[in-house]
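Examining the three-dimensional arrangement
Residues per chain are reported as follows:
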Amino acid sequence: MINCIIVDDEAHAIEVLQHYIKSIPQLNLIASFTKPMEAITFLNGQQVDLIFLDIHMPEISGIEFIQTIRHENYHFILTTAYREFAPDGFDLDVVDYLIKPIPLTRFLQAVTKAQKAISQSKTNLIKDSIETDYFMVKGQIKGKMIKINLIDIDYIEGMKNYVAFHHNGIRTIALTTMKDIEGKLPEQYFIRVQKSFIIALNKITALDGNRVILKNISSEILIGETYKQHFMETIKKKQII
């Protein structure tokens, strides 16, 4: 779901956009503003992905609005009756630029572009997170803590009240449960394939029937029947033919 707001000093223009947005299930309109300064205040602490923004407004222009709140997590679709402002908007890397009156077909094209841009941004954030995120687990020596980078994990093996992290050719045992660990892992990068195994998706090199083959790992891991459907649905999203 994409959370969006409208900022436009024309009530009629807001009504048109509200009508268009309601026709798209993936868009969630959380607020509309005729005064840009109120919108800027609203954005503090709010989760907003997409902003439909007029350019020619009395308080501050749409361009000045973007420059004031510039944030990498915001995406903008500019709406205006003035074509001459288009170069300024694209210099600020906006998603699209719509000329009023806005045809529905043109609006849908802009939203499609926004969906792709927002999806890519979220993917990049997750990638950056896994490359820097880590676990600190208690080692077998009292008082010792071991750092395990998520990006280094090949697979995780459950052993009753313990789990074993297999990472960079090392096996580190921690006193925890598979359920607890599974809930802390980003699902875009890790998947449970049976009761006792969670694997890193980026370490998969091949599938052979019900067996998963991992990079630089001699052991093959069987896919359990309980987890097979979800696993195959995940893999098919990356299947080309």
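Refer to the structure printed above.
Residues numbered from 1 in each chain as written. Predicted model: local features only at pLDDT ≥ 70, side-chain atom pairs only at ≥ 80, totals over all residues. Heavy atoms only, no water.

1. So, the side chain of N3
The condition that has to hold: Secondary structure elements follow DSSP: runs of H or I no shorter than four residues count as helices, runs of E no shorter than two count as strands, and numbering proceeds from the N terminus. Each polar contact in these results corresponds to two N or O atoms within 3.5 Å; when the atoms are within protein, one needs to be able to donate a hydrogen and the other to accept it, and residues that are neighboring in sequence are counted only if both atoms are side-chain atoms. Contact definition: two residues touch when any of their heavy atoms are within 4.5 Å.
You can see N3 is positioned in strand β1 (residues 2–7). Among the polar contacts listed, one links the side chain of N3 to the backbone oxygen of Q47, at a separation of 3.2 Å. Each residue touching N3, except ones within four places of it in the same chain, is listed here: N28, I30, Q47, V48, D49 and L50.

2. A word on a nonpolar patch on the surface
Our working definition: Here, patches come from residues exposed beyond 30% relative accessible area and free of salt bridges, joined within 9 Å for like charges and within 5 Å for nonpolar side chains (Val, Leu, Ile, Met, Phe, Trp, Tyr). Here, Shrake-Rupley sampling with a 1.4 Å probe gives the accessible areas, and only protein chains in the shown set may cover a residue. The salt bridge definition used is simple: a Lys or Arg side-chain nitrogen within 4 Å of an Asp or Glu carboxyl oxygen.
The grouping of Y134, M136 and M145 at the surface amounts to a nonpolar patch, some 300 Å² of accessible area in total. With respect to the secondary-structure elements, Y134 resides in strand β6 (residues 134–138).

3. As for the side chain of D152
The cut-off we apply is this: Note on exposure labels: buried denotes an accessible area under 20% of the residue type's maximum, exposed denotes more than 50%, and partly exposed covers the range between, all computed with a 1.4 Å probe on protein chains only. Only four residue types enter the tally: Lys and Arg on the positive side, Asp and Glu on the negative side, with His and both chain ends excluded.
Position of D152 among the secondary structure elements: in the loop between β7 (145–149) and β8 (153–159). Buried D152, no salt bridge; nearest opposite-charge side chain is K203, N-O distance 5.9 Å. Reaching out from D152, the side chain makes a polar contact with the side chain of N168 at a distance of 3.4 Å. Setting aside anything within four residues of it in sequence, one finds D152 in contact with H166, H167, N168 and K203.

4. Section: the nonpolar core
Basically, it comes down to this: Side-chain atoms within 4.5 Å link the members of a nonpolar core, which is a set of buried Ala, Val, Leu, Ile, Met, Phe, Trp, Tyr and Cys residues.
In this structure, I51, L53, F65 and F76 are the most contacted members of the largest nonpolar core, which totals 23 residues. Elements with a contribution of two residues or more to this core: β1, β2 (27–33), α2 (36–43), β3 (50–54), α3 (62–69) and β4 (75–80). Sorting elements by how many residues they give to this core places α3 first, with 4 residues. Filtering out sequence-adjacent residues up to four positions away, I51 remains in contact with I5, V7, L43, F65, I69, Y74, H75, F76 and I77.

5. Section: unusual backbone geometry
With an omega of -5°, the peptide bond running from K100 to P101 counts as cis. With respect to the helices, strands and loops of the structure, P101 is situated in the loop between β5 (96–99) and α5 (104–132). At K160, a position not held by glycine, the phi torsion is positive, near 55°. As for its placement among the helices and strands, K160 is situated in the loop between β8 and β9 (162–167). You can call K160 exposed: its relative accessible area is 84%.

6. Considerations on the sheet that holds strand β15 (residues 220–222)
Heads up, the rule is: Strand pairing is assigned whenever DSSP identifies at least 2 bridges connecting the two strands. Angles shown run from 0 to 180 degrees and are taken between the N-to-C directions of axes, each axis being a line fitted to C-alpha atoms and, for helices, limited to the stretch in contact.
Here 3 strands make up an open sheet; going across it, the order is β13-β14-β15 and the pairing antiparallel. Each edge of the sheet is formed by a strand with only one pairing partner; in this case those strands are β13 (204–208) and β15. With direction set aside, neighbouring strand axes in the sheet form an average angle of 30°. Here β13 runs beside strand β14 (residues 211–214); their pairing, made up of 4 bridges, is antiparallel.

7. As for the packing of aromatic side chains
The geometry of an aromatic ring pair is captured by two quantities: the separation of the ring centres and the angle between the planes. Which entries qualify depends on this criterion: Each Phe, Tyr or Trp ring, with Trp reduced to its six-membered ring, pairs with another whose centre is within 6.5 Å; inter-plane angles below 30 degrees give stacked pairs, above 60 give edge-to-face pairs, and intermediate values give tilted ones.
Taken as a whole and assessed by the stated rule, the structure comprises 5 aromatic pairs. Where Y20 meets F107, the ring centres are 5.1 Å apart and the plane angle is 50°; that geometry is what we call tilted. Taken as a pair, Y20 in helix α1 (residues 11–22) and F107 in helix α5 lie far apart in primary sequence, 87 residues in all. Ring geometry for Y155 and F197: centres 5.8 Å apart, planes at 45°, overall tilted. Of the two residues, Y155 is situated in strand β8 and F197 in strand β12 (residues 197–200); the sequence distance between them amounts to 42 residues. Each member of the pair, Y155 as well as F197, carries the same accessibility label: buried. An aromatic cluster of three or more residues is present, and its members are Y20, F52 and F107.

Keep in mind these numbers describe shape, not what the thing actually does.
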